[in-house]
Amino acid sequence: QLQVLESGGGLVQPGGSLRLSCAASGFTLDYYDIGWFRQAPGKEREEVSCISSADGSTYYADSVKGRFTISRDNAKNTVWLQMNSLKPEDTAVYYCAAEQRIRGCAVSEFGSWGQGTQVTVSS
């Protein structure tokens, strides 16, 4: 089984921080590219950040650049998304996804998805 599991979501005030984790089960994370995506109610799922298995290169959506950081720890088979300076518009269900040999960081490129973790940014 190839499975990823997100955790770390919750309720935070604007300007606060959360760290999401994506744990891999049934596969070795270092063989896979990992992406973080989010979907707000009534909106399309959008890319947030991706990290490559090949060279560790990263991608960030313009909306989160400078605020979010993606990292991976292959020894722990885990990818993290550190989210700082959170805004109400960051409120969404956040999904972790895994795929091999992606070209970019598009929703359509990923085949294995976690169940999602809710992030709510509100005062």
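All values reported here derive from a predicted model rather than from experimental measurement. Starting from 1, residues in each chain are numbered consecutively following that chain's sequence as written. Side-chain atom pairs in this predicted model are given and counted only at pLDDT of 80 or more, local residue features only at pLDDT of at least 70, and totals for whole chains, interfaces and linings cover all residues. Hydrogens and water are ignored here; the side-chain numbers use all heavy atoms of the structure.

(A) Representation of the environment of arginine 38 in the model. In DSSP terms, a helix is any run of H or I states spanning at least four residues, a strand is any run of E spanning at least two, and both are numbered starting from the N terminus. Its place among the elements puts arginine 38 in strand β4 (residues 33-39). Under the relative-accessibility criterion, arginine 38 is labelled buried at 6%. For arginine 38 and glycine 116, which are 78 residues apart along the polypeptide, the C-alpha to C-alpha distance reads 8.5 Å. Among all residues touching arginine 38, those that are not within four sequence positions of it are Glu44, Arg45, Glu46, Val48, Ser63, Val64, Phe68, Glu89, Asp90, Ala92, Val93 and Tyr94. Between N or O atoms, a polar contact is any pair within 3.5 Å; within protein, one atom must be a potential hydrogen donor and the other a potential acceptor, and residues adjacent in sequence are included only when both atoms are from side chains. Within polar-contact distance, the side chain of arginine 38 engages the side chain of glutamate 46 at 2.7 Å. Among the polar contacts listed, one links the side chain of arginine 38 to the side chain of tyrosine 94, at a separation of 2.9 Å. Burial here depends on accessible area, computed with a 1.4 Å probe over protein chains only, as a share of the maximum for the residue type. Under 20% is buried, over 50% is exposed, and the range in between is partly exposed. It only takes one pair of heavy atoms within 4.5 Å for two residues to be counted as in contact.

(B) Inspection of the pattern of salt bridges at higher detail. Salt bridges are identified by distance alone: a Lys or Arg side-chain nitrogen within 4 Å of an Asp or Glu carboxyl oxygen. Counting across every chain of the model gives four salt bridges. The salt bridge partner of arginine 38 is aspartate 90, with a shortest N-O separation of 2.8 Å. Residue arginine 38 is located in strand β4, and its partner aspartate 90 is located in the loop between β8 (78-83) and β9 (92-99); the two are separated by 52 residues in the primary sequence. Assessed through its relative accessible area of 1%, aspartate 90 is described here as buried. When salt bridges with common partners are traced through the structure, they connect Arg38, Glu46, Arg67 and Asp90 into a single cluster.

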